[in-house]
Amino acid sequence: MSAVAARRDRARRDPVNLLLGAWGVAVFVFLFLPIVMIVIFSFNEGRALVVWKEFGLRPYVDALDNPTIRNAIFTSLRAALGAAVIATVCGTLAGIALARRPGRWTIGFLALVFLVLVTPEIVDAISLLIWYVRIGGPFGPDNTILNYGLVRLWVAHSIFATAVVTLIVRARLAGLDESLEEASADLYATPASTFRKITLPLMMPAVLAGALLAFSLSLDNTIISSFVSTANASPWPVYVFSAVRAVLRPEIAAMSTLVLLLTLFALGLVALVLRRGGASGEEAAAMLVGVEAAPGAPGK
Amino acid sequence: MAGIENAEIEAAETQAAGAGVGAGAERPRRRAPRFLLAIPAWFLFVFFFAVPVLFIFYYSFGYKPDIFRTIATDHLSFDRYGDSFSDTFRDVFSGTLQVSLTGTLLCLLIGFPFAYWLAVKVPARWRGLLLGLTIVPFWTNFLVRTLGWLILLQPNGPLSGVLQDLHLIGSPLDILDTREAVQLGVVYNYLPLMIFPLFVALDRLDPALREASKDLGANRWRTFRQVTLPLASPGVIAGLLLVFIPLTGDYITALVLGGAKGNMVGALVASQFNTAQNWALGSAMAVILILMILGTVAIFAAIGLVGRALIQRRRRVEIAVEPA
């Protein structure tokens, strides 16, 4: 016991370990510094965001009072919800097909997925702008059933996210033993009930992580949104971006802080669900960024 | 009750035993194509990605006929590519490549020790929480994070004040609207994308491999160079791609922190569509941006492959010599 303690003590005093530890703390400070700034300056009573005047809650009152800001937030949430649904459905189905029904088609499809992932956002943005104008229909102002601005955002945001979900689900299924599904089929379960009772529960963490990632990618998207969105469906990042070019007011920091709190709450909730489902803290955290943690991670 | 259950199980087992034959006979009847489930995603990718991007390629050969129209394609030429390489635009292309290559390298240099510390040095019970903390910036809107830097870097902002109090700088911080501010902003914004794949790769490494290397007499540096680094290389490659590709196309960070100095290729493309209304020139620039990204990735992939082949050849000689 004391030998272990001594070794741990020596490891702690080791200069390389100390340097690595200091580096780790420094990177954390670097990562959080600007976020802390936003939170602090969200209590700025001044007229301009970047010039501190005095502490107060007025930015929060103004932000919640401002109908344009409220609309932008609601548009963002609705766009993210729709994009997440499309991406999760399309990506999950494609992931299953890739993992369980591979064939000659796989190469072409994966090439397409790869191209989607490497194409810069600005290229997607201009090509979709041209395309939406050209095809019209549900994407044009003539459409009376749906809000066409929202439809544009749903589709635009779901493309990249679908590629991400596809890869996450495929990776998860590839890591699962197919014999479980075969056993179920051998026991005379129909393909539908095998899917419902075996495949779906096993891949659920990947689907959930993919859906969350799709949601957050949509909330974050600025470049594509600023090209395809319309005046009546303009999401939050587009509002912030236009404010950058005009006047930056503390309301933006206030609303951003509220969104951040909401995000943290959602993240915590999902991490809890994933941990309840048997994942270690490390695995849960890794899933939230779309990567599979090591199967036998020491954190278990 | 139990008797019935047993009978059911027995029946199921006999049926299961014959299922191998049954499945073989059954399979040809179900003729669903193997890619059936991928059709929705395929449709989305083809109809809303491949076809629109092909239009960009097509438009890049067109021209702007007059100030009222955005594009004409009745005669096609490479002229827009020539226009894209005029002096002013060429500076922006080389500047963008410089910012993105430097940024990617800095992300690797900052991210690797951090990911190593998180995956190897941090006690296991803290690891989940700390990894969770690294996710928070990734989940915060990137435009808002950039605004955080805009506040921080103001000439009379918080950082400037602290640095002046410490007498590290004599006059107010004057970094906004410079290339350095842009560089800082992109490194910050894309660092998480480098950390995650590196962490996963390092986390997967069996500690026993490092211990074995130590037991065989390798020192720390040699263990890192010959065991850790080669095994972590898939994570390094994934991180480099994940950072380089979106960083090269990004222009928002540069616009916020660099002002007029932060002109990236993305901003050129955007201005051709938003203000100049010259779709042909904008499309040509977009195509060049794609080629620039793919070309850089291809060059580094080639260098990497050749380098690996050389190292492997050298190592093989070492192993062949040592037993003698």
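Residues numbered from 1 in each chain as written. Chains lettered and ligands numbered in written order. Predicted model: local features only at pLDDT ≥ 70, side-chain atom pairs only at ≥ 80, totals over all residues.

Visitor: Describe the overall build of chain B, listing the residues and the values that go with them.
Guide: Within chain B, the secondary structure is distributed over 13 helices and zero strands. Helices (α) and strands (β) of chain B occur, in sequence order from the N terminus, as α-α-α-α-α-α-α-α-α-α-α-α-α. Every one of the 324 residues in chain B was classed for burial, and the buried ones make up 38%. (Helix = DSSP H or I, 4+ residues; strand = E, 2+ residues; numbered from the N terminus. Buried ≥ 20, exposed ≤ 12 C-beta atoms within 10 Å, placed from the backbone.)

Visitor: Tell me about the overall build of chain A, and please be specific about residues and values.
Guide: Counting its regular elements, chain A contains 13 helices and zero strands. Its helices and strands in sequence order give chain A the pattern α-α-α-α-α-α-α-α-α-α-α-α-α, from N to C terminus. In terms of its C-alpha atoms, chain A occupies a principal-axis envelope of roughly 70 × 65 × 30 Å. A total of 300 residues make up chain A; the buried ones form 45% of that total. Look at the contacts in chain A between residues 6 or more apart in sequence, and 71% of them connect residues 24 or more apart. (Contact = placed C-beta atoms within 7 Å.)

Visitor: Kindly report on the interface of chain A and chain B, identifying the contributing residues and their values.
Guide: In this assembly, 81 residues from chain A lie in contact with 78 residues from chain B. The element that contributes the greatest number of residues to the side of chain A that touches chain B is helix α2 (residues 15-41) of chain A, accounting for 16 residues. Counted by class, the side of chain A that touches chain B contains 59 nonpolar, 17 polar and five charged residues. (Nonpolar A, V, L, I, M, F, W, Y, C, P; charged D, E, K, R; others polar.)

Visitor: Give a description of the domain arrangement of chain A that names residues and reports values.
Guide: By a frequent convention, interface size equals the accessible area lost on bringing the separate parts together. For chain A, the assigned domains read domain 1 (2-41) and domain 2 (63-287). Here the C-alpha centroids of domain 1 of chain A and domain 2 of chain A sit 34 Å apart. (Domains from an automatic or database assignment.)

Visitor: How would you summarise unusual backbone geometry if you had to cite specific residues and measurements?
Guide: Residues and elements named next belong to chain B. For D177, which is not glycine, the phi torsion reads 65° and is therefore positive. Structurally, D177 is set in the loop between α7 (158-165) and α8 (179-204). With a phi angle near 55°, Q277 is a residue other than glycine that sits in the positive phi range. Considering the arrangement of structural elements, one finds Q277 in the loop between α12 (265-274) and α13 (279-321).

Visitor: Mind laying out helix α11 (residues 236-245) of chain A, listing which residues take part and the relevant values?
Guide: One full turn of an α-helix is made of 3.6 residues, so residues set three or four places apart face in the same direction. Among the residues making up α11(A), those that are buried are A:W236, A:P237, A:V238, A:Y239, A:V240 and A:F241. Of the surrounding secondary structure, the elements contacted by the buried residues of α11(A) are α4 (67-100), α9 (191-220), α10 (223-228) and α12 (250-276) of chain A together with α6 (142-152) and α11 (252-258) of chain B.

Visitor: Hey, could you go over the confidence of the model for chain B for me, with residue numbers and the actual values?
Guide: All names here are of chain B. Looking at chain B, the pLDDT average stands at 84 and 88% of residues meet or exceed 70. By mean pLDDT, the top-scoring element of chain B is helix α2 (residues 39-59) (95), and the lowest-scoring one is helix α1 (residues 2-26) (45). Within the model, the stretch residues 1-28 combines pLDDT values under 50 with six contacts to residues more than four positions away or in other chains. (pLDDT = per-residue confidence, 0-100.)

Visitor: Can you tell me about the packing of α2(A) against helix α4 (residues 87-121) of chain B, naming the residues and giving the values?
Guide: One way to put it is that α2(A) packs onto α4(B) with a least axis distance of 9 Å and a crossing angle of 110°. The angle between α2(A) and α4(B) falls in the class roughly perpendicular. Our pair here, α2(A) against α4(B), has a crossing hand that is left-handed. Each of A:N17, A:L20, A:G21, A:W23, A:G24 and A:V27 in α2(A) lies in contact with α4(B), whose residues at this interface are B:I110, B:P113, B:F114, B:Y116, B:W117, B:L118 and B:K121. Looking at the contact of α2(A) with α4(B) residue by residue, the classes come out as nine nonpolar, three polar and one charged. (Axes fitted to C-alpha atoms, helices over the stretch in contact; angles between N-to-C directions. Parallel < 35°, antiparallel > 145°, perpendicular 65-115°, else oblique. Left-handed = near helix turned anticlockwise from the far one by under 90°.)

Visitor: Tell me what's going on with the environment of A:L128, and back it up with residues and numbers.
Guide: Relative to the helices and strands, A:L128 resides in helix α6 (residues 121-135). On the basis of neighbour counts, which here come to 22 C-beta atoms within 10 Å, the residue A:L128 falls in the buried class. Through-space distance from the C-alpha of A:L128 to that of A:N44 is 39 Å; in sequence the pair is 84 residues apart. Those residues in contact with A:L128 that sit more than four places away from it in its chain are A:A156, A:I224, A:V228, B:F48 and B:P52.

Visitor: Please set out the packing of helix α3 (residues 58-65) of chain A against α12(A) residue by residue, giving values where relevant.
Guide: Residue and element names in this part refer to chain A. Contact pair α3 / α12: the axes reach a minimum separation of 8 Å and the direction vectors enclose 85°. Judged on the interaxial angle alone, α12 and α3 are roughly perpendicular. Side by side, α3 and α12 meet where P59, Y60, D62 and A63 of the first sit next to P250, E251, A253, A254 and M255 of the second. Partitioned by chemical class, the residues of the contact of α3 with α12 number seven nonpolar, no polar and two charged.

Visitor: Now, about the environment of A:F41: what can you tell me, with residues and values included?
Guide: Here A:F41 is to be found in helix α2. On the basis of neighbour counts, which here come to 28 C-beta atoms within 10 Å, the residue A:F41 falls in the buried class. Residues A:F41 and A:W52, eleven residues apart in the sequence, show an inter-C-alpha distance of 7.1 Å. Residues within four places of A:F41 in sequence aside, it is in contact with A:L49, A:W52, A:P250, A:A253 and B:I151.

Visitor: Break down the confidence of the model for chain A for me, with residues and values.
Guide: Reading predicted coordinates in detail is not appropriate for stretches of low pLDDT. On average, residues of chain A score 86 in pLDDT, and 90% of them are at 70 or above. Contacts of residues 292-300 of chain A to residues separated by more than four positions or lying in other chains number 23 contacts, the stretch itself having pLDDT below 50.

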